[in-house]
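# Tertiary structure, described
Residues per chain are reported as follows:
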Amino acid sequence: MKKILLVCAAGMSTSLLVNKMNEAASGKGVEIDIVALPVSECEKAAAEVDVVLLGPQVRYQKSQVDTMVGGRVPVEVIDMRAYGTMNGGAVLERALELIDGK
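Each residue is numbered by its place in its chain's sequence as written, counting from 1. It should be noted that, the model being predicted, local features are given only for residues of pLDDT at least 70 and side-chain atom pairs only at 80 or more, the latter also being counted only at that level, while totals for whole chains, interfaces and linings use all residues. Note that the side-chain values use all heavy atoms of the structure and ignore hydrogens as well as water.

## Quick look at the pattern of salt bridges
Close approach of charged atoms allows side chains with opposite charge to pair. The salt bridge definition used is simple: a Lys or Arg side-chain nitrogen within 4 Å of an Asp or Glu carboxyl oxygen. Enumeration over the complete set of coordinates arrives at five salt bridges. Of the charged contacts, one joins Lys62 and Asp66 as a salt bridge, the two residues approaching to 3.0 Å between their closest N and O atoms. Here the residue Lys62 and the residue Asp66 both occupy positions in helix α3 (residues 62-69), the gap between them amounting to four residues, near one helical turn. Residue classification places Asp66 among the partly exposed positions, given a relative accessible area of 29%. In this structure, the salt-bridge partner of Arg94 is Glu76, at a minimum N-O distance of 2.9 Å. Taken together, the positions of Arg94 in helix α5 (residues 88-99) and Glu76 in strand β4 (residues 75-77) put the pair 18 residues apart, joining distant regions of the chain. Secondary structure elements follow DSSP: runs of H or I no shorter than four residues count as helices, runs of E no shorter than two count as strands, and numbering proceeds from the N terminus. When accessible area is computed with a 1.4 Å probe and restricted to protein chains, residues below 20% of their type maximum are described as buried, those above 50% as exposed, and intermediate ones as partly exposed.

## So, unusual backbone geometry
A positive phi angle is found at Met86, which is not glycine, with a value near 50°. Inspection of the secondary structure puts Met86 in the loop between α4 (80-84) and α5.

## Focus on the nonpolar core
Nonpolar core, defined: a set of buried Ala, Val, Leu, Ile, Met, Phe, Trp, Tyr and Cys residues in which side-chain atoms within 4.5 Å join the residues together. Within the largest apolar cluster, 20 residues are counted, with the highest numbers of intra-cluster contacts made by Ile4, Leu6, Met21, Leu53 and Leu92. Taken together, the elements giving at least two residues each to this core come down to β1 (2-8), α1 (12-28), β2 (32-38), β3 (51-54), α4 and α5. Apart from residues lying up to four places away in sequence, Met21 is in contact with Ile4, Leu6, Ile32, Ile34, Gly88, Val91 and Leu92. Ranked by size, the runner-up nonpolar core spans 15 residues in total, among them Leu37, Val49, Val69 and Val73. Two residues qualify as a contact provided that any one of their heavy atoms is within 4.5 Å of a heavy atom in the partner residue.

## What about the side chain of Gln61?
With respect to the helices, strands and loops of the structure, Gln61 is situated in the loop between β3 and α3. With residues near it in sequence (within four places) discarded, Gln61 still touches Val39 and Leu54.

This is the structure we're talking about:
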């Protein structure tokens, strides 16, 4: 099972995206575990995931998250358009690409 961490300012807006990503994963038959947390709470969770995606509103904290994961997993800012439209399929696809090293 793939584990994805979504990081945003308070974990609230990103939780909406989690639901859309879970719907997309179900449609593709992909088993995933997605957690949405604020940056202040993500260090422990980051140690247990395959990829970390940041909401566009916290892109300025990417270097802090990079330091937390220490290069163990990919860290990327979610595309602003995909985030704004809550395109769970597109965000899921990108997360899976990052996990697979693409």
